[in-house]
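# An overview of the molecular structure
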Amino acid sequence: MKIIILFFLLGTFLFGAEQSCYSVQLTSVFKTQQSSDELYSNKYDKSCKVMEIGSNVLVRCGCFTKFKDASKHLAQYKSRYKDAYILSTYRSRFTTINVPPSPPLVVAPITTQTREVLKDVVPVNVLDVSNMKEDKLVDVEKEQIRAEKAKKKAKKREKKARKKAKKREKKARKKAKKKEKQAKKKAKKKEKKAKKRVRKKKSKAKQYGYNRYIKKLQSKRASRKYKYEYKFGAQISYDIAYVNEADQSYLDSDFRRIRIYNKGSFLNKKLLYELEYSFTGGSQFKDNYIGYQSHSKMIDADYRVKAGNIMVPFSLERYTSSKNNMFMERALTEAYAQGRQLGVEVLVHKKFDKLNSANMFVSAFTSSIDERLDEEIIKNGYSLRVTYAHKWRKNHLLSVGTAYFFQNINGDKVGLNETAESHLMRDKYISASIKNANTLTKNNLELLYINDNYSLQAEYTQVGVDAINKSTIGEITSYMFNGYYLEGSYFILGKGRRYRSSASRMKKPKLNRDGAVELALRYSYINLNDKDEDNNGEQADYSFGVNYYINDEMKLMFNYIIAEPTQTKLYNGRLHILQTRMLFAF
C-alpha cells in the first residue's frame with residue numbers, strides 16, 4: 001500500500017506540479033446567464049481573465065510560479081476587492097478560453113506515517129500541495145497553523161489552570177486543617193477550665209460547709225432600680241504567744257480582732273458606703289463612710305471621694321488591711337502611723353497606658369468618732385500621698401511612693417511607743433511622750449516590688465514634733481524621730497502576693513487548689529531618742545514568718561521575733577517571742 005501511494009504522489013508531482021501556479025481571485029459568483037454577462041462586460045487588467053469552472057463564474061488575475069509575486073499582485077487589488085485572495089490553479093486556464101477544467105485530482109490524505117516515508121524522496125511543498133484541494137491551498141495552510149497554535153495555547157492554559165486549582169485546593173486544605181487544630185485546642189482548653197472550676201467548687205464544698213451561707217451574705221449582681229450591691233462580712237483573729245522577756249517568760253492568748261462590716265454600692269458602683277464596727281481594741285468605730293467614684297473626661301482619670309471615719313492615706317503597710325499583711329503585726333514604724341480620722345479623702349487614679357499608672361491621695365481630717373466620744377482635744381490636719389506603679393506583666397511590678405502628713409496638736413501630748421511586734425507582749429520598752437506639742441509632721445517613702453512568687457517591701461518614716469517650752473515663754477523645741485523596715489516573702493505554694501494599683505494597697509494573694517504557703521523575713525528599726533528625750537530608746541527587730549492560706553477565708557500564721565531594745569529606761573538586751581494566729585475573714 002505504501003508503494004502504491006508513493007507512485008501515485010510521484011505521478012502527481014511530475015505531471016501536475018508543472019501545470020499549477022499562484023493566482024489572485026477577485027470574485028466568484030454562481031453561474032447564470034446574467035452573472036456571466038456582467039463579469040464578461042466588466043473591464044479588468046490584462047493579467048485578469050474570466051473563467052467558468054463547474055457551476056461558478058470567477059475572475060482570476062495573473063499566474064505566478066512564486067507565492068511572493070502573487071502576494072505583491074494581491075496588494076494592487078485589495079483596496080477595490082476586499083474579498084480577493086491567493087489560490088493555486090492550473091496554467092492552462094489562462095491559455096484556453098472557457099475550456100472546462102479537468103476533473104480534480106483525487107489524492108489520498110497524507111498521514112504522519114506517509115510523510116516520514118516520503119520526506120527523503122518528495123519535497124515538503126509538494127506533499128502539502130498534494131494534500132490540499134484546488135483553489136484553497138494557502139488559506140487552509142494558514143488555518144491549520146493557527147488551529148495548531150490555538151490548540152497548544154489552550155493546552156498550556158488548561159495546564160496552568162489545573163496547577164492553580166491544585167495549589168488553591170492544597171492551601172484550602174491546609175487552612176481547614178489549621179482551623180480544625182485550633183478549634184480542637186480551644187475546645188480542650190475550655191474543657192480543662194470547666195473541669196478545674198468544677199474541681200474547685202467541689203473542693204471548696206468539701207473543705208468548709210459554710211460556703212453556701214457566705215454566698216447568701218453578699219450580692220455581686222446589681223439588681224432592682226438603683227442597681228444595689230452589698231456584702232456582709234466579719235474578721236476574727238485569735239492569737240497565742242510565748243514571750244521570753246527580760247526577767248520573765250509567759251504564755252498568753254487573746255482575741256486580736258473581732259469585727260463586723262457591711263459595705264455596698266448603688267448605680268453601677270458610683271455611690272458606695274461602708275459600715276464597720278470592732279468589739280476589740282481602743283477604737284470601736286472603724287471604716288464608716290459614704291463615697292462617690294466616676295471618671296473625669298477633663299483630666300482623663302478615675303477619681304473617688306470618701307467622707308466619714310476613714311483611714312488617713314500615709315503609708316503602704318498602714319493603708320493595707322491587717323488581714324492582707326505579711327506578718328501578724330505591722331513593723332516598728334507602726335508607732336508613727338496614724339489611725340482612722342473623721343474627714344474627707346480624694347483619690348485620683350491616672351492610667352497612662354497598660355503598664356504605667358499613678359495615684360494621688362489628698363485628705364483633710366479632724367479627730368475621729370472615738371476621740372470625740374472620749375472628749376479629747378480636737379486636732380485638725382491634712383495628708384498627701386503619691387504613688388507610681390509600673391507593670392512588666394500581670395504579676396511583675398514595681399511601685400514607689402511618698403507621703404506627707406501634718407496635724408495641729410493644739411498643746412496636747414504626743415505619745416510614741418511600740419512593742420516588739422506582738423500584741424500579747426505586756427511591756428513596751430521604747431516609748432516617748434512629748435507634752436505641750438504644737439504641731440506634728442511626718443514624711444514617708446515606700447517601695448514595693450513583686451515578681452510572681454517573690455516580693456519585697458520597704459518604708460522609711462521620719463517624724464517631727466514642735467512643742468512649746470513652758471520654762472522659756474514662747475520658745476519652741478523641735479524633736480525628730482525616724483524608723484524603717486525591709487521585708488520580703490516567697491510563696492513555695494500559691495501564686496504570690498498581689499497589689500491593687502488603683503488603690504495603692506495589697507490584696508489577697510492568689511491561691512492554688514491546695515491553698516498557699518508563704519515564707520517571710522523582716523528587719524525593722526525605730527529610734528525615739530532626740531535631745532533631752534535620750535532615754536526613750538531605740539530597737540531593732542528580726543522577724544521570721546510562715547503563713548498557711550487554707551482557703552480564701554482562713555489563714556494560719558506563725559511568727560518568731562528577736563527584739564533588741566537599747567538605751568531604754570527599762571531594759572537593754574534581747575527578747576524572744578514565738579506566736580501564732582488563726583485568722584478567719586470573709
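Residues numbered from 1 in each chain as written. Predicted model: local features only at pLDDT ≥ 70, side-chain atom pairs only at ≥ 80, totals over all residues. Heavy atoms only, no water.

### Considering the packing of aromatic side chains
Definition in use: Two aromatic rings from Phe, Tyr or Trp, using only the six-membered ring of Trp, form a pair when their centres are within 6.5 Å; if the ring planes differ by under 30 degrees the pair is stacked, by over 60 it is edge-to-face, and anything between is tilted. Secondary structure elements follow DSSP: runs of H or I no shorter than four residues count as helices, runs of E no shorter than two count as strands, and numbering proceeds from the N terminus. Consider the ring centre and the ring normal. A charge sits over the ring if Lys NZ or Arg CZ is within 6 Å of that centre and within 35 degrees of that normal.
Across all of its chains, the model carries 25 aromatic pairs by this definition. Centre to centre, the rings of Y292 and Y303 are 6.3 Å apart; their planes meet at 45°, and the pair counts as tilted. One end of the pair, Y292, is in strand β9 (residues 285-296); the other, Y303, is in strand β10 (residues 301-311), and eleven residues separate them in sequence. Cluster of aromatic residues (ring-pair linked, three or more members): Y228, Y230, F232, F266 and Y273. The aromatic ring of Y289 is capped on one face by K306, whose charged end is 4.4 Å from the ring centroid.

### Brief notes about a nonpolar patch on the surface
Note the threshold: Here a patch means residues that are over 30% exposed by relative accessible area and free of salt bridges, tied together within 9 Å if like-charged and within 5 Å if nonpolar (Val, Leu, Ile, Met, Phe, Trp, Tyr). For accessible areas, the Shrake-Rupley method is used with a probe of radius 1.4 Å. Any residue's cover is judged against the shown protein chains and nothing else. What counts as a salt bridge is simple: a side-chain nitrogen of Lys or Arg found within 4 Å of a carboxyl oxygen of Asp or Glu.
On the surface, a nonpolar cluster with roughly 1100 Å² of combined accessible area is contributed by I236, Y238, I240, Y242, L251, F255, L521, Y542, F544, Y560, L578 and M582. Mapped onto the nonpolar patch, the elements with two or more residues apiece are β6 (228-244), β7 (249-266), β23 (538-549) and β25 (575-585). Here the nonpolar patch takes four residues from β6, the largest share from any one element. Summarising the element assignment, L578 is placed in strand β25.

### Focus: helix α3 (residues 67-77)
Threshold: Burial classification: accessible surface area is computed with a 1.4 Å probe over protein chains only, and a residue below 20% of its type maximum counts as buried, one above 50% as exposed, and the rest as partly exposed. Regarding the arc, it is the one traced by the directions from the helix axis to the C-beta atoms. Should any heavy atoms of two residues lie within 4.5 Å, those residues are considered in contact.
Among all positions in α3, only A70, H73, L74 and Y77 are buried. In a view along the axis of α3, the buried residues occupy a sector of 110°, so they form one face of it. The exposed residues of α3 that point more than 90 degrees off its buried face are K68, K72 and A75. Contacts from the buried residues of α3 go to β1 (20-30), β2 (48-53), β3 (56-64) and β4 (85-90).

### Comments concerning the pattern of salt bridges
Under the counting rule described, the total for this entry stands at 19 salt bridges. Here R581 and E329 are joined by a salt bridge, their closest N and O atoms 3.0 Å apart. With R581 in strand β25 and E329 in the loop between α9 (316-319) and β11 (340-351), this pair connects stretches of sequence that are 252 residues apart. Just as R581 is buried, E329 falls in that class too. Of the charged contacts in the structure, one is a salt bridge between K379 and D412, with a shortest N-O distance of 3.0 Å.

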